[in-house]
Amino acid sequence: MWFDGWPQLLRIVVVGAAAYASLVVCLRVSGKRTLAQLNVFDFVVTVALGSTLATIFLSTDVSWAEGVTAFGVLAGLQLLVAWISSRWPRVRGVFTAEPALLLAEGRIRHEALRQNRLTESELRQAVRMQGTGDLSRVEAVVLETNGKLSVITSSKYGDGSALEDVRGLATLRGDSGRDGSGPGAP
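Since this is a predicted model, take the numbers as computed values, not measurements.

Novice: Sorry, what's going on with the packing of aromatic side chains here?
Specialist: The geometry of an aromatic ring pair comes down to the distance between the two centres and the angle between the two planes. Here the structure, examined in full by the defined rule, presents three aromatic pairs. When the centroid spacing of 6.0 Å and the interplanar angle of 65 degrees are considered together, the rings of Phe-41 and Phe-95 count as edge-to-face. Residue Phe-41 is located in helix H2 (residues 40-58), and its partner Phe-95 is located in helix H4 (residues 89-95); the two are separated by 54 residues in the primary sequence. Judged by relative accessible area, which is 23%, Phe-41 ranks as partly exposed. Looking at Phe-95, the relative accessible area reads 26%, which means it is partly exposed.

Here's what the structure looks like:
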C-alpha cells in the first residue's frame, strides 16, 4: 500500500525518535569499542544494532521497551566479550581471528592466501589502492581481524614491531630480509 494512515506515520516519528535517542545513550554508555569494528564480532554487533533500530522504527509488533532492551543486551554482550578477550588471551581466539601475513618482503605467500580464501588479484588490488605499483617495494600485506588489508611499504616499515602478533611472521623468522630488516628479520 502507498499510505496506511496518519497514526502509523506518527508512530514511526515518535517511537523512532525515542529509539534513536535510546541507541545514542546506549552507545555513549557502552563506549567507543561498541562501534569500533576491530573484529568480526564487533561488526556483527554494529549490524545487529542497526537492524534492531530499523525493526523498532517499522514494526508495530516490537515495542520501544523491547527494542531498548535489545540494545542493552547487544551492548552488554559486546562489553562482556571485550572484557573476556582482554583478560584471557587463550579465549580471545574464540571471538577474534588473528591477523595473517599475506605478502612478505615483496613475495606473495600463496598458502596464506589459500587459507584465507583470497586471490592474488585481490592482494594486488589492495597494494594498488595504497598507490604502490611494485610488490618489491611492499614489506608486508596483512589481512586484519576486521577483514581489511593493511599494506606496509618499505619506506613505512620501520622496525616492524607492529607485526609481532601477525600469524605467519614466525615461519619467516628463519629467513633473513633483503637487508636484515623486514618481516623475516630475527
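Novice: Just to check I follow, could you spell out the environment of Thr-153 for this structure?
Specialist: On the secondary structure map, Thr-153 appears in strand S4 (residues 149-153). For the pair Thr-153 and Glu-120, spaced 33 residues apart in sequence, the C-alpha separation works out to 17 Å. Ignoring anything within four residues of it in the chain, the contact list for Thr-153 reads Thr-132, Arg-137, Val-138 and Glu-139.

Novice: Got a minute to help me understand helix H1 (residues 6-30) in this structure?
Specialist: One turn of the α-helix equals 3.6 residues, which is why residues spaced by three or four share an orientation. With 25 residues, H1 should cover 36 Å at 1.5 Å per step; its first-to-last C-alpha distance of 35 Å lies within 8% of that length. Of all the positions in H1, only Arg-11, Val-15, Gly-16, Ala-19, Ser-22, Leu-23, Cys-26, Leu-27 and Ser-30 are classed as buried. On the buried face of H1, the contacting elements are H2 and helix H3 (64-87). Phi turns positive, to about 95 degrees, at Gly-31, one or two residues after H1.

Novice: What am I meant to see in the environment of Ile-12 here?
Specialist: Relative to the helices and strands, Ile-12 is located in helix H1. Each C-alpha atom, one on Ile-12 and one on Thr-60, is 9.1 Å from the other, the two residues being 48 residues apart in sequence. When near neighbours in sequence (up to four residues on either side) are disregarded, Ile-12 contacts Ala-17, Phe-57 and Leu-58.

Novice: Would you mind going over the nonpolar core with me for this structure?
Specialist: Soluble globular proteins tend to pack their nonpolar side chains together in the buried interior. Membership of the largest hydrophobic core comes to 14 residues, with the highest contact counts inside it found for Leu-103, Leu-123 and Val-141. Secondary structure elements with two or more residues in this core: strand S1 (100-104), helix H5 (110-115), helix H6 (120-129) and strand S3 (138-143). When neighbours within four sequence positions are excluded, Leu-103 is seen to be in contact with Ile-108, Arg-109, Leu-123, Leu-135, Val-138, Glu-139, Ala-140 and Val-141.

What counts, and where the lines are drawn
- Residues numbered from 1 in each chain as written.
- Predicted model: local features only at pLDDT ≥ 70, side-chain atom pairs only at ≥ 80, totals over all residues.
- Heavy atoms only, no water.
- Phe/Tyr/Trp six-rings, centres within 6.5 Å; stacked < 30°, edge-to-face > 60°.
- Helix = DSSP H or I, 4+ residues; strand = E, 2+ residues; numbered from the N terminus.
- Buried < 20%, exposed > 50% of the residue type's maximum accessible area, 1.4 Å probe, protein only.
- Contact = heavy atoms within 4.5 Å.
- Expected span 1.5 Å × (residues − 1).
- Core = buried A, V, L, I, M, F, W, Y, C linked by side-chain atoms within 4.5 Å.

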